[in-house]
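Here is how the chains run, residue by residue.
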Amino acid sequence: VRGTRGAPAFIAGFVIGDLVWFTIAVTGLAALAQTASAVFAAIKYAGAAYLLYLAWRMWTAPATGADVPDDRSADAASQRASRLFAGSLALTLGNPKTMVFFLALLPTVVELDRLSVAGFAEIAAVIAVVLPTVLGAYVLAAARARRLLQNPRAVRIVNRTGATVMAGAAIAVARS
C-alpha cells in the first residue's frame, strides 16, 4: 500500500481473512481437541517450530534499505479500494502463518471444548475491533518511519527485534 489512502480497504481484507482463519481454527480444533490430544500437541509444537523458523529468517534477512516511492507518483489503479481489499484478503487467506498462529495460541487462551456460539461471537468481535485498530496504528507508524527504513542499519535492528519477539512467542507457545 502506498501511503495511507488505501489502508482502510487493505485492513478490511486482512480482518475478513483473519476471521475466516479464526472460524476454521475454532471449528477444526474443537473436534480435534475432543478426540486427539496427541495430534493437538503435535500441531502446537509445529506452530512453535514454525515461529522459530520465521524468527531465524528475520534475524538473518539481508538489511537493505526500503525503496520508498513518493505518494504523489502512486499509480491510481493500484490505489483502488476493491483491488486493495481483494489483494489483502487473498494474501491473508493464502498465508498459512495466520492459521498456524490460531492453531498454536488459541487453545492456550480458550477452552475449545466449552466455546459457545456466543463466546465465538465475542472473540470474533474483539478481533474485528482490535485488529483494525492495531493495523491502523501500524499504518500511521509506517508512514512516519518510511524514511528511517531506507537505512540498512535501521532495517537490521527492526528485523532482529522482531525476530527476538517471535522467538519468545515460540518459546511461550511450546511451554504452554
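Rules used in this analysis
- Residues numbered from 1 in each chain as written.
- Predicted model: local features only at pLDDT ≥ 70, side-chain atom pairs only at ≥ 80, totals over all residues.
- Heavy atoms only, no water.
- Helix = DSSP H or I, 4+ residues; strand = E, 2+ residues; numbered from the N terminus.
- Buried < 20%, exposed > 50% of the residue type's maximum accessible area, 1.4 Å probe, protein only.
- Contact = heavy atoms within 4.5 Å.
- Areas by Shrake-Rupley, 256 points an atom, 1.4 Å probe, with all protein chains shown as cover.
- Core = buried A, V, L, I, M, F, W, Y, C linked by side-chain atoms within 4.5 Å.
- Expected span 1.5 Å × (residues − 1).
- Arc of directions from axis to C-beta.
- Patch = residues over 30% accessible without salt bridge, like charges linked within 9 Å, V, L, I, M, F, W, Y side chains within 5 Å.
- Salt bridge = Lys/Arg side-chain N within 4 Å of Asp/Glu carboxyl O.
- pLDDT = per-residue confidence, 0-100.
- Phe/Tyr/Trp six-rings, centres within 6.5 Å; stacked < 30°, edge-to-face > 60°.

Asks: What is the right way to read the overall build of the chain from this model?
Replies: The number of helices and strands found in the chain is 6 helices and 0 strands. A burial count over the chain gives 28% of its 176 residues as buried. The contacts of the chain with a sequence gap of at least 6 include a subset with a gap of at least 24, amounting to 90%. Only carbon and sulfur atoms are counted for the fraction: they give 66% of the accessible area of the chain, which is about 10700 Å².

Asks: Can you walk me through the nonpolar core in this structure?
Replies: In globular proteins that are soluble, nonpolar side chains generally tend to be buried together. Counting residues in each nonpolar core, the largest one holds 17 residues, and the members touching the most others are Phe 22, Phe 102 and Leu 106. The set of elements that each furnish at least two residues to this core consists of helix H1 (7–35), helix H4 (96–109) and helix H5 (117–145). Sort the elements by how many residues they give to this core and H1 lands first, with 7 residues. Ala 48, Leu 51, Ala 170 and Val 173 belong to the second largest nonpolar core, which has 5 residues in total.

Asks: I keep staring at H5 and nothing clicks. Help me out?
Replies: At 3.6 residues per turn, the α-helix brings residues three or four places apart onto the same side. Between its first and last C-alpha, H5 extends 41 Å over 29 residues, near the 42 Å set by a 1.5 Å rise per residue. For H5, the set of buried residues is Gly 119, Ala 124, Ile 127, Leu 131 and Leu 135.

Asks: Please explain helix H3 (residues 81–93) as it appears in this structure.
Replies: End to end, H3 covers 18 Å across 13 residues, agreeing with the expected 18 Å (1.5 Å per residue, within 8%). Among all positions of H3, only Leu 84, Ser 88 and Thr 92 are buried. Within H3, the buried residues cover an arc of 60° as seen down the axis, which keeps them to one side. Exposed and facing more than 90 degrees away from the buried side of H3 are Ser 82 and Ala 90.

Asks: Help me understand the side chain of Asp 18 in this model?
Replies: Topologically, Asp 18 is positioned in helix H1. Apart from the residues lying within four places of it in its own chain, the contact partners of Asp 18 are Thr 92, Thr 98, Phe 102 and Leu 131.

Asks: Help me understand a nonpolar patch on the surface in this model?
Replies: On the surface, a cluster of nonpolar side chains totalling about 460 Å² of accessible area is made up of Val 126, Val 129, Val 130, Val 134 and Tyr 138. Mapped onto the secondary structure, Val 126 falls in helix H5.

Asks: Explanation requested: the confidence of the model for the chain in the structure shown.
Replies: Parts of the prediction with low pLDDT should not have their coordinates interpreted in detail. Mean pLDDT for the chain: 79, with 82% of residues reaching 70 or above. The secondary-structure element of the chain with the lowest mean pLDDT is helix H2 (residues 37–60), recorded at 77, while H5 shows the highest, at 91.

Asks: Please explain the side chain of Asn 159 as it appears in this structure.
Replies: Mapped onto the fold, Asn 159 is located in helix H6 (residues 152–175). Ignoring any residue separated from it by four or fewer positions in sequence, one finds Asn 159 in contact with Met 58, Trp 59, Ala 61 and Pro 62.

Asks: What is the right way to read the environment of Gly 168 from this model?
Replies: Within the fold, Gly 168 resides in helix H6. In the structure, Gly 168 is positioned 120 residues away from Ala 48 in sequence and 9.8 Å away in space, judged by C-alpha atoms.

Asks: How should the pattern of salt bridges be read in this particular structure?
Replies: Between side chains of opposite charge, a pair can form when the charged atoms approach closely. Tallied over the full model, the rule gives 1 salt bridge. Salt-bridge contacts for Glu 111 lead to Arg 114; the nearest nitrogen and oxygen are separated by 3.3 Å. Residue Arg 114 is classed as exposed on the basis of its relative accessible area of 66%.

Asks: Can you walk me through the packing of aromatic side chains in this structure?
Replies: The relation between two aromatic rings is expressed through the spacing of the ring centres and the mutual angle of the planes. For the structure on display, the rule yields 4 aromatic pairs. Ring centres of Phe 22 and Phe 102 lie 5.6 Å apart, and the angle between their planes is 55°; this geometry places the pair in the tilted category. Placement of Phe 22 in helix H1 and of Phe 102 in helix H4 is noted, with a sequence separation of 80 residues between them. Across the pair, exposure class does not vary: Phe 22 and Phe 102 are buried alike. Note on Phe 22 and Phe 120: the rings are 5.0 Å apart at their centroids and 10° apart in plane angle, and the pair reads as stacked. Taken together, the residues span a long stretch of sequence, with Phe 22 in helix H1 and Phe 120 in helix H5 at a distance of 98 residues.

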